Amino acid sequence: MPGKRREREDVEPTKKPKKTKFADDDSKTLKLASEDLDFPRGGGSTFTPLEYKKIRTEAFKEADAEVVFEDSQAGKKTKTKQKNRQNKTKSSTKRNDVQEDKKKSENIRVEHLNYKRLVEGMKIMCQVIAIQPLALVVSLPCQLVGHVPITHISSQLTKQLEVFDGDDEEPIEQDDDEVRERRPPELFEIFRVGQYVRAVVTAVRPPGTTARDVIGFRRKMDETERACQRVELSLIPEQINTGVSKEDLTKGFVLPAAVQSVEDHGYIVDFGVPSISGFLSFKEMETSAYPDKLPVGHLLDVCVSKVSENGRTCNVSPDPKLISSSFLSQINSVTSVLPGTLVQALVTAVVSSGLNVQLLGYFEGTIDLFHLPAGDVTDNYRMGQKIKARILWDMTTSDPRKFALSLLPHILGLEVPRLKDKQAVQEAFSIGSTLEAVKVLRVESERGLVVEVQDGVVGYVHIRHVSDDHVPSLSPNSGHWKIGTIHRARVVGFQALDGILQLSLQQSVLEQKFLQVADVEVGELLKATVKKLTNTGLFVSISGNVDGVIWPNHYADIALKHPQKRFKEGATVKCKVLVVDPDRKRIALTAKKALVESDLPIISRLEDAQVGTVTQAVVFKVLDKAILVEFYNNLRAQVPLREASEAPLANLAEAFPIGKPVKVRILTIDRQSGRLVASIRQATSKAIKSPDVHGVQVGEIARGTIQAVHKDHVVVTLEPTGITALLSLNNLANSRDTTVAQLRPTLVIGEQMDDLIVLSQNPDKGIVIVSKRPKSKANAEALPGNEGLTAKIVEVGQFISGRVTGYGRGGTSLYIAAGLKGVLHPTDTSDDYQTGSPFPSLGTVVKGVVVSVDRSRRQVVLTTRPSRLHPSETSSPRDRQISNVEDLKVGETVRGFVKSVAEHGLFVSLGRNIDARVQIKELFDEYIKDWKPRFEVNQLVKGKIANVNPESGQVEMSLRSGPVEMSLQDFQEGQVVEGTIKKKEKFGVFIQIKDTKISGLCHKSEISDNTKADVDQTLLGFQEGDPVKAVILAVSLEKGRISFGLKPSYFTDQDYEMHDAESSSDNSHDESADVAEPVGDNEAASESEDDAEVVAMDSGPTTMEIPPQEPPVSEAAPALKVQEGFRWTNQVQESEGDDDISRGGSNDESDQAKPPRKKKKTIEYDLTADMHTRQPQSTADFERLLLGSPNSSYLWVQYMSFQLQLSEIDKAKEVGKRALRTINFREEGEKLNVWIALLNLENKYGTDETLEAVFKDAARHNDSKTIHLRLASIFAETERHDRAKEQYQRTCKKFGKSSKAWTLFGEYYLKRGELEAARQLLPRSLQSLEKRKHLKTITKFAQMEYRLGDPERGRTIFEGIVDSHPHRWDLWSVYADMEATQQNIQALRNIFNRVLALKMTSHKAKAFFKKWLELEKRLGDEDGENVVKAKAIEWTRIAGAGAA
């Protein structure tokens, strides 16, 4: 028995019991319990002897039964034993082969990249597909997408962004060029679409994560994007090159780098690798695709070309050919292998899912089918084959590390995927394109289909896009999408890095009208589905993922009070596309019936607009004298007030509210400026389209038919053009030698009118002005010799006649002959503008000489100057003819005619094609605030040429009587100038040019031609202030220096003759001038020759010479005229006596014979005594005062006002900015005053953009609420009520919890008389304010009702207040004060009786009785005063009795 049991045990060993799974806590408990039961201490058993015997007996019975069963099966087992051994051997061999194959296949498994396998720190190659302002969107392998924030480009760029953001908090004073150099580069300046970059994964966010927290990515995500995870990447070289050592940087190594600094010969680039940096020369940049000048922080890929001997620096090259062809052959560590590196690989296995390769002799890699060229992988590749591949990403989670590579041609060449004809795949198959037949090449059961679009172009259909129904899996051998089947597809995207088109086979997508915003056309009529209605707009779905918005002013033709009743979610709306913005992916639509149902042409571009076109538009903005209307795609036009309506309109805003659809006609188009002018009046159905008025020429003889007779003119239709013309009744009566009263009854509608002369054209109104032709005799005398004259035969210099027909910007319009017109410029009419007639009378005939001919325009230019008509008979003209800017010289006095009066000054016509600008500061010697009424067009003015720019043809002119400011550029070598001795030194004299501030040195070697003369003795003969004539020897613009010469050999006889003529001319001037003329040159010369004794004036810094008979300095100071800038002291030479003045400045021989008189001694007075008492009158005054009080806002604001008086607006702004920098930061009140002054300045003289910029800056540096309210009050004070209302609304929205903002807004409405609007503010304010501020706000509104509104309404509000708060004694007092303003004594008595009836302290009662008594004395009578006193005594008695 025991032997049999052992045999059974050998044959069939006992099976191991299965482990039961328990929870952690339960398993621990059971383990402890089993240890206690099965292994009791002492080695004993827990069974009793009886139980042990019973178990043993049952075990023997079971063993015997098993032995009997095995004996019955022994025969069968014996027969099959040998056969089983053979089969077992075969199956074992086969099983080993399968296991080896399975093990082998697992070792070369090719995996796709997905969001689950993306981990932080993974380095990956990607391609830029979109550049946003603050982020990059990149394409990753295996159809993934990533994002790179602007702060993850380079460390240098991030630092610049931080510095620039900090600088924005302070006002920037540099000019635009400096700011442009300091600002960080934009992303579009660093990257381009299609560029390959290396990146490292920094974060993988879960599905559904919004992009609001990520910088730069704020567009709305569709359903597909929300279902995908979000990958954030970094391009910073320090992170990409982590693991790259200094020893790896050998020749041919490619890696990313960032520009660290710009040097003289190139750039220092940062790799992020310790102990080494790179140098990129400017010469190497010539072969790159990057810009010529790289900013600091610019990211680029470079290839190491040379390493220095010390190993600290290396030279790099950005040549794209070198970068794409360089491949890595050896490394020091696996971390040195970067994505995007080209390597040589050895194929180790070819499987159905791709290739398994070995690179660099050590590391394993895989290539999936998506990154293999088209074709069968088993036919194209074999084991042991060597290939060149580019690394896509590293599998950081595998050990040892593996890499994924690509063999696609466009990735190997770092190019954009293209077709065989070199066309880009993305351009050939744009999104939305329909492909009629695509063939299924490969089926991935759980992922999707790979299809062939055409030879060499592959597409991918995700399993979600296979059908509109849910498809759990795909089969390659059966089903509708098996291999080889043909399907109709549509392009829904393009994966740039993989070069794969993303397709969809869904029927809904195939039938979908739009796939992206760019597919929608402006003006297209469509039906949209309401998605959501908000306060800002109505959001609708157009097609699939393409949505649009309808703004509230486009809900309907009129404003809807309850749009929610019309637009319900899911409803269909018929609308028309208004604006399409593909860049921002936005579509705006309109539901206005007038636009939706209109069949008029759609104008969405300036090229679509044609003169005379009638179309629909929407009122966009209403100005004082014009209306701005908007067409499609934000194209706008201006409608002048006269073209708004036939009848005059009292209120333009009420007649044309914003959003109103109108029909307009295009009148004029300025394609250069993009300006359109339209008319609402001429677009009505009653308006007849006016013919082109250019069908007749000005001066042409025409005939017509009378259509109507009006009060002052006759309406005539010209034949055969049909143009409407107006003929003055006065002109017609004069031609018929009768009066208007006698003429009117004789005129008959339909009467023929002959001999009509076209005077002018009005294209806007479509009419011309005509007059009756003069009689034949006059005509025969008017235009002699013009018979048969045409533009082809007329020649320059020919004498012809012309009749004056009108006046234009170019001068007088003339009629020469049929088809030939002329122009007579006002400067060509006479040699003396003062005596001539620059604008001949209408209808007169003038004779002139042709000076130019424009045959294309059939126009000639005439001149009637006598000097041109009779050159031999006339003397030199008073006003010479100026043909070009070279004829003008700086300082020359000329005359001209005012051409136009602009905001910044005048434009004066000096010649036919020469205009001079006169700035405001150059109009008058003194400040004139209202200067425009002093000038009118065609007015004759006289001035001096201030500046001439021959290159640009610009001329500056001054009308001031003082000298013209000149620069060194206005002088040239060899020019003879007049001047005075400014200063005398041992080495020469300094000469200041007359009427300028320019001075230079005349060296002592340039004074005399006699080399043996004693030059030092000659210098003694010069005194400061002596007039001299000098020759300019040299002009150095770079150094700002000018040199003179006084040698007699430098001058000619003509120079001396000219000098004598000028002297005699100066002496003949009027002697009654306010300022005495300087001593003549002849007199000075005689003094020098006679060695007259001259007393040198003291040039001390604090004294001034005053004649004894002069009054005190303080009284004479205002009349002081300074020619060389402001001085605290002045030196005045004693004038000649009355006898000298009576001589009239003549230089007689007797006068020359007299010796010069000695100057009398003068008394010197101190001028600095009143320096601190008088008002500042110059820039130097203000600068001196500001040195002592730099924190005084009063001085700074006065300084700004002083600059404004000089029309120096820009300088006033600079003074304000300088004040903000100078005033101590603790003086907040002083700085606030300057900010308010700047806001006032911008409001009056600036633009809306500059005002908004100053306002935002002020709000950042001061209390924002204060600035908001101050700006609103500024608008209100300057009567810019639209802006004031907008600003108050803006303030209340931003500071809704401020009672002051609401009350000031209400006060503004009440001052404007808008009572209802003010009263509506109170309930609105209570909704926003805290409850504790309600009573305060209500009280303020009640007070404003008393002062500005209805006192009865204010009384009602106060009654409610004191009724609900009877013990607020301050409110009772305010109530009484308000009633006192109405002088209603009876109402005041009622108030005091009511409040004194309440229980209060004696102190409060005393205050109320005192106030009551004062009001009775002021408004009441004596009886009332007695009553108050009696009530006070009674109240005191009762209060004392109650206390007792």
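Structure first, text after, so check above.
Residues numbered from 1 in each chain as written. Predicted model: local features only at pLDDT ≥ 70, side-chain atom pairs only at ≥ 80, totals over all residues. Heavy atoms only, no water.

Chemist: Help me understand the overall build of the protein, please; the structure alone is not making it clear to me.
Modeler: For the protein, the helix and strand inventory stands at 43 helices and 53 strands. The buried share among the 1444 residues of the protein stands at 39%. For the protein, the proportion of contacts with a sequence separation of at least 24, taken over those separated by at least 6, is 59%. By element, 50% of the accessible surface of the protein is carried by carbon and sulfur atoms, the whole surface being about 83800 Å². (Helix = DSSP H or I, 4+ residues; strand = E, 2+ residues; numbered from the N terminus. Buried < 20%, exposed > 50% of the residue type's maximum accessible area, 1.4 Å probe, protein only. Contact = heavy atoms within 4.5 Å. Areas by Shrake-Rupley, 256 points an atom, 1.4 Å probe, with all protein chains shown as cover.)

Chemist: Any chance you could explain the nonpolar core here in plain terms?
Modeler: The tendency in soluble globular proteins is for nonpolar side chains to be buried as a group. Membership of the largest hydrophobic core comes to 46 residues, with the highest contact counts inside it found for W1196, Y1199, L1238, L1239, I1267 and F1305. For this core, the leading source of residues is helix α32 (residues 1228-1245), giving eight residues. In contact with I1267, not counting residues within four places along its chain, are L1232, I1236, L1239, F1255, A1258, A1259 and N1262. With 41 residues, the next largest nonpolar core counts A257, L338, L360 and Y381 among its residues. (Core = buried A, V, L, I, M, F, W, Y, C linked by side-chain atoms within 4.5 Å.)

Chemist: Would you take a moment to explain the sheet that holds strand β17 (residues 434-444) for this structure?
Modeler: Strand order in the closed barrel formed by five strands is β17-β18-β19-β21-β20, with mixed pairing between adjacent strands. The mean angle between the axes of side-by-side strands here comes to 50 degrees, regardless of whether they run parallel or antiparallel. Looking at chain direction, β17 and strand β20 (residues 486-495) are connected through four bridges and run antiparallel. In the sheet register, L435 faces β20, and the bridge partner there is A489. (Pairing = 2+ DSSP bridges. Axes fitted to C-alpha atoms, helices over the stretch in contact; angles between N-to-C directions.)

Chemist: Would you explain the pairing of strand β44 (residues 915-919) in this entry?
Modeler: On any regular strand, side chains alternate: one points to one face of the sheet, the next to the other face. Here β44 shows a clear split, with A916 and V918 buried on one side and none of D915, R917 and Q919 buried on the other. Looking at chain direction, strand β43 (residues 905-909) and β44 are connected through five bridges and run antiparallel. Looking at the pairing, G905 lines up with Q919 of β44. Remark: five residues form the turn of the hairpin made by β43 and β44, two consecutive strands paired antiparallel. For β44 and strand β46 (residues 954-958), the ladder comprises two bridges, and the chain directions are parallel. Within β46, the position partnered with R917 by the bridge is E956.

Chemist: Got a minute to help me understand the sheet that holds strand β24 (residues 546-550) in this structure?
Modeler: Consider a sheet: its strands pair through backbone hydrogen bonds, and that pairing is either parallel or antiparallel. Pairing within the closed barrel is mixed, and its five strands lie in the order β22-β23-β24-β26-β25. Along the sheet, successive strands turn relative to each other by an average axial angle of 50 degrees, direction set aside. Sheet topology places strand β25 (residues 572-581) next to strand β26 (residues 586-590); five bridges connect them, and they run antiparallel. If you follow V577 over to β26, its bridge partner there is L589.

Chemist: Would you explain helix α33 (residues 1248-1261) in this entry?
Modeler: Two residues of an α-helix separated by three or four positions point the same way, owing to the 3.6 residues in each turn. For α33, built from 14 residues, the straight-helix expectation of 20 Å at 1.5 Å per residue is met to within 8% by its first-to-last C-alpha distance of 20 Å. Among the structural elements, α32, α34 (1264-1277) and α35 (1281-1294) are those in contact with the buried residues of α33. (Expected span 1.5 Å × (residues − 1).)

Chemist: Honestly, the environment of L1419 in this entry has me stumped. Any pointers?
Modeler: Looking at where L1419 falls in the secondary structure, it is placed in helix α42 (residues 1402-1419). C-alpha of L1419 to C-alpha of Q1383: the two residues are 36 residues apart in sequence and 6.5 Å apart in space. Setting aside residues no more than four positions away along its own chain, L1419 makes contact with A1380, Q1383, I1385 and L1388.

Chemist: What's the story with the packing of aromatic side chains in this structure? I'm lost.
Modeler: Each pair of aromatic rings is reported with the distance of its centres and the angle of its planes. Taken as a whole and judged by the stated rule, the model has 21 aromatic pairs. With 5.3 Å between their ring centres and 35 degrees between their planes, Y1288 and Y1308 make a pair best called tilted. Highlighted residues: Y1288 in helix α35 and Y1308 in helix α36 (residues 1299-1312), separated in sequence by 20 residues. Note on Y1308: relative accessible area 6%, which makes it buried. An angle of 75 degrees between the planes, with centres 6.3 Å apart, marks the rings of W1369 and F1408 as edge-to-face. Residue W1369 is found in helix α40 (residues 1369-1381), and its partner F1408 is found in helix α42; the two are separated by 39 residues along the sequence. Of the two residues examined, W1369 and F1408, each falls in the buried class. Put simply, the rings of W1369, F1392, F1408, F1409 and W1412 pair up and form one aromatic cluster. Residue placement shows R636 over the ring face of F620; its charged tip is 3.7 Å from the ring centre. (Phe/Tyr/Trp six-rings, centres within 6.5 Å; stacked < 30°, edge-to-face > 60°. Lys NZ or Arg CZ within 6 Å of the ring centre and 35° of its normal.)

Chemist: I'm lost on α42 in this one. Help?
Modeler: An ideal rise of 1.5 Å per residue puts 26 Å on 18 residues; α42 measures up with 25 Å between its terminal C-alpha atoms. For α42, every residue scored as buried is listed here: A1405, F1408, F1409, W1412, L1413, L1415 and E1416. Buried residues in α42, looked at end-on, bunch into an arc of 165 degrees, giving them a common side. Of the exposed residues in α42, those oriented more than 90 degrees away from the buried face are H1403, K1406, K1410, K1417 and R1418. (Arc of directions from axis to C-beta.)

Chemist: Even after reading the chapter, I still don't get the packing of helix α30 (residues 1193-1205) against α32, so can you show me in this structure?
Modeler: Each pair of packed helices can be described by the angle between their axes along with the distance between the axes. Relative orientation of the contacting elements α30 and α32 amounts to 20 degrees, with a least axis distance of 9 Å. Judged by the angle between their axes, α30 and α32 are roughly parallel. Where α30 crosses over α32, the two elements pack in a sense that is right-handed. Across from S1193, Y1194, W1196, V1197, M1200 and L1204 in α30, the residues of α32 making contact are E1230, N1233, V1234, A1237, L1238, L1241 and Y1245. Class assignment of the residues belonging to the contact of α30 with α32 gives a composition of ten nonpolar, two polar and one charged. (Parallel < 35°, antiparallel > 145°, perpendicular 65-115°, else oblique. Left-handed = near helix turned anticlockwise from the far one by under 90°. Nonpolar A, V, L, I, M, F, W, Y, C, P; charged D, E, K, R; others polar.)

Chemist: When you look at the side chain of Q1203 in this model, what are you seeing that I'm missing?
Modeler: Within the secondary structure layout, Q1203 lies in helix α30. Residue Q1203 is classed as buried on the basis of its relative accessible area of 5%. Non-local contacts of Q1203, meaning those with residues more than four positions away in its chain, are made with T1179, E1208, K1211, A1212 and V1215.

Chemist: It is not clear to me how the pairing of strand β32 (residues 701-709) should be interpreted in this structure. Could you clarify?
Modeler: Both β32 and strand β35 (residues 752-762) contribute to a ladder of four bridges, which runs antiparallel. Of the residues in β35, the one forming a bridge with T705 is Q752. Taken together, the six bridges between β32 and strand β33 (residues 713-719) define a ladder with antiparallel strand orientation. Within β33, the position partnered with A708 by the bridge is V715.

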